[in-house]
Amino acid sequence: MEILYSSTRNSEKKMTASQAILKGLADDGGLFVPDHIPALTCSMRELTGRSYQEVAYEVMKLFLTDFTEEELKNCIRRAYDSKFDTDVIAPIVEAEGTYYLELFHGATIAFKDMALSILPHLMITSAKKNHVENEIVILTATSGDTGKAALAGFAGVEGTKIIVFYPKNGVSPIQEKQMVTQKGDNTFVVGIHGNFDDAQAGVKELFNDRELAKELAAAGLQFSSANSINIGRLVPQVVYYVYAYAKLLEEDKLSDGERMNVVVPTGNFGNILAAFYAKQMGVPIGRLICASNENKVLYDFFTTGRYDRNREFVLTSSPSMDILISSNLERLIYRIAGEDVSKNAELMNSLARTGSYEITEQMREQLADFYGNYAGEEETAARIRAVYENTGYILDTHTAVASAVYQKYVADTKDKTVTVIASTASPFKFTRNVMNAIDSKYDTMSDFELADELSRIGNVEVPNAITEIRTAPVVHDNVCDKTEMKAVIKHFLGVDA
Ligand SMILES: *Cc1c(COP(=O)(O)O)cnc(C)c1O
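These figures come from a predicted structure and were not determined experimentally. (Residues numbered from 1 in each chain as written. Predicted model: local features only at pLDDT ≥ 70, side-chain atom pairs only at ≥ 80, totals over all residues. Heavy atoms only, no water.)

Draft legend 1. Inspection of empty space enclosed by the protein at higher detail. Within the structure shown, the criterion is met by five cavities of 30 Å³ or more. In this structure, the largest cavity occupies an estimated 240 Å³ of space. Along the walls of the largest cavity sit 25 residues, with Phe111, Lys112, Gly267, Asn268 and Ser320 positioned nearest its centre. Counting only elements with at least two residues in the lining of the largest cavity, the list comes to helix H7 (145-154), helix H11 (231-250) and helix H12 (270-281). Per-element tally for the lining of the largest cavity: the top contributor is H12, with three residues. Tallied by class, the residues present in the lining of the largest cavity amount to eight nonpolar, 14 polar and three charged. (1 Å grid on protein atoms, 1.4 Å probe; cavity = no way out; pocket = protein on both sides within 12 Å on 5 of 7 lines; lining within 4 Å. Points joined across faces, edges and corners; volume = space filled by probe spheres on them. Helix = DSSP H or I, 4+ residues; strand = E, 2+ residues; numbered from the N terminus. Nonpolar A, V, L, I, M, F, W, Y, C, P; charged D, E, K, R; others polar.)

Laid out in structure tokens, this is it:
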């Protein structure tokens, strides 16, 4: 059945999947949502024994209904190839009786690679299908990991340019080094004086700037987004949970129909929303456990029904979750508001105007599958140390937040359901915090010495993503104020004359 997409704030304009991928964000500032969540057309049992790529096709074909089989299979084949350092793409590792779904085996060692390896291919295919002649300019705000993954995905891709804004003092040294050493004439990286929310708000403003859109069109350019607001990023993420379930079923860790809980370290709410969609598709998922760091706006939301971003923004050791406005939550709000666009728009306007909104009791009742909690810095570090000491397995800081929250969940609920924790980054991306958590004696080592030491004590090879930035020259050194973002990109695109 064909699926069309419309905005969470206005259901009148419908478009195909490829059109929604090209546009990224709806004109009214809303996010594109499918007119229904498709049910899986094969049983979980039938999906056992299938490769990641095969499961990806089974899931994605149901959402991207205007792509031909050949187009979609092509995109999948090109995305999930030897860029990943393991053939299985997303291995599952057991530690302390819990399953860690490792989503960090792509080019930039964070889970963003999973979706951003395929987005450029979906985008180019979409452009061809819709006879787009313009060059596509990917405009992205990053809290650290999206930036590099998007740069790696789009670098050198013909017919595209990519611009990334990151918070100058809000990312890890390795994350920054990964971005500022990015090669490719079509890439542009800018640090901004501000935090991730500032970067994201600035980017959203640029997207909604009619004047700018006209100037770009005159120069043969048009914007699109590689952020998780793009359905071309959301849909590939649904695959993780379908695949994880099928794998655990295959290995007899689950029996047919048995429930599986998932724990997701959350920032912009994209990954956990994908798990929610997987559940709607029919995957026997039980609770969706939403893990936050000290920026615990989502924990407060799940416990009180009130979303309130009016608070201090805390820089933590899990920077990719340092977010106070979780954009993708809008898709869940839309859903629990009964797909009522005016109700959703009213809440989002309240968020824009006052920084907060409150959902109704009726809406709250529909959140029963979600459980929110958070872990502070000490708890996160203690979890890294404990898992290492108990099992030898080394978690990154984001995954450790999820693991710590999972412990709280079990203590709160005594729920012993089989659980998968989304392991969203390699510990090599956050070596200093990871190694300091294990032992403070590591504090005097340099970042690259730490990587070698991590490799030794964890008995894992240093990933190529780290090796390649050791000596790579810095090629991007642009920094601007958040008020200058527009001028900076106009200059880069050559439309400032
Ligand atoms: C982006 C990111 C997250 C948060 O994911 P969302 O989909 O934004 O909620 C968590 N961990 C890591 C390592 C990330 O890069």
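Still more to cover.
Draft legend 2. Region of interest: unusual backbone geometry. Of note in the backbone geometry, Ile109 takes a positive phi value of approximately 55° without being a glycine. In this structure, Ile109 sits in the loop between strand S5 (98-102) and helix H5 (112-116). When its relative accessible area of 2% is taken as the criterion, Ile109 is described as buried. Phi is positive for Asn459, which is not a glycine, with a value near 60°. Within the fold, Asn459 resides in the loop between helix H20 (447-458) and helix H21 (464-467). (Buried < 20%, exposed > 50% of the residue type's maximum accessible area, 1.4 Å probe, protein only.)

Draft legend 3. Quick look at the sheet that holds strand S2 (residues 10-15). The strand order across the open sheet built from three strands is S2-S1-S3, with neighbouring strands paired in antiparallel fashion. A single partner strand is all that each edge strand has here, and the edge strands are S2 and strand S3 (32-34). For this sheet, the mean angle separating the axes of adjacent strands, direction not counted, is 40°. In this structure, strand S1 (residues 5-7) lies alongside S2, joined through two bridges in antiparallel fashion. Across the sheet, Ser7 pairs through a bridge with Asn10, a residue of S2. (Pairing = 2+ DSSP bridges. Axes fitted to C-alpha atoms, helices over the stretch in contact; angles between N-to-C directions.)

Draft legend 4. A look at the site of the ligand. Around the ligand lies a shell of 15 residues, among which Lys112, Asp145, Gly267, Asn268 and Thr424 are the nearest. Between Asp145 and the ligand, the recorded distance is 2.5 Å, taken from a side-chain N or O atom to an oxygen atom. One of the backbone N or O atoms of Phe269 is found 3.0 Å from an oxygen atom in the ligand. Look at the ligand: alone it shows 380 Å² of surface, and the protein chains cover 98% of it. Its atoms largely coinciding with the cavity grid, the ligand occupies the largest cavity. Each residue belonging to the shell around the ligand can be placed in one class, and the counts come to five nonpolar, eight polar and two charged. (Near = heavy atom within 4 Å. Polar contact = N/O pair within 3.5 Å; in protein donor to acceptor, adjacent residues only side chain to side chain. Areas by Shrake-Rupley, 256 points an atom, 1.4 Å probe, with all protein chains shown as cover. Sits in = over half its atoms within 2 Å of the grid points.)

Draft legend 5. Molecular detail of the pairing of strand S9 (residues 221-225). S9 sits mainly inside the fold: four of its five residues count as buried. By the bridge criterion, five bridges tie strand S6 (residues 135-141) to S9 in an arrangement that is parallel. Bridged to Ile138 within S9 is Ser224.

Draft legend 6. Molecular detail of the packing of aromatic side chains. This structure, assessed with the given rule, holds 21 aromatic pairs. Between the aromatic rings of Tyr371 and Tyr409, the centroid separation amounts to 4.8 Å while the plane-to-plane angle is 75°, which identifies the pairing as edge-to-face. Remark: Tyr409 occurs in helix H18 (residues 397-413) and Tyr371 occurs in strand S14 (residues 370-374); sequence separation between them is 38 residues. In this structure, Tyr371 and Tyr409 share a single accessibility class: buried. Aromatic rings pair up to connect Phe63, Phe269, Phe276, Tyr277, Phe301, Phe302, Tyr307, Tyr357 and Phe370 into one cluster. Here the guanidinium or amino end of Lys129 rests over the ring plane of Phe67, the centre of that ring lying 5.6 Å away. Directly above the ring of Tyr374 sits Lys296, whose terminal nitrogen or CZ lies 5.3 Å from the centroid. (Phe/Tyr/Trp six-rings, centres within 6.5 Å; stacked < 30°, edge-to-face > 60°. Lys NZ or Arg CZ within 6 Å of the ring centre and 35° of its normal.)

Draft legend 7. Main features of the layout of surface pockets. In this structure, the largest pocket occupies an estimated 510 Å³ of space. What lines the largest pocket is a set of 24 residues, and nearest its centre among them are Arg9, Lys204, Ile325, Leu351 and Ala352. If you list the elements that add at least two residues to the lining of the largest pocket, you get helix H9 (196-207), helix H14 (329-336) and helix H15 (341-354). Class assignment for the residues of the lining of the largest pocket results in ten nonpolar, seven polar and seven charged. Empty space within the second largest pocket amounts to approximately 360 Å³. Along its surface, the second largest pocket is lined by 17 residues, and Phe104, His105, Phe428, Val460 and Glu461 are the ones closest to its centre. Here the lining of the second largest pocket is composed, by residue class, of nine nonpolar, five polar and three charged.

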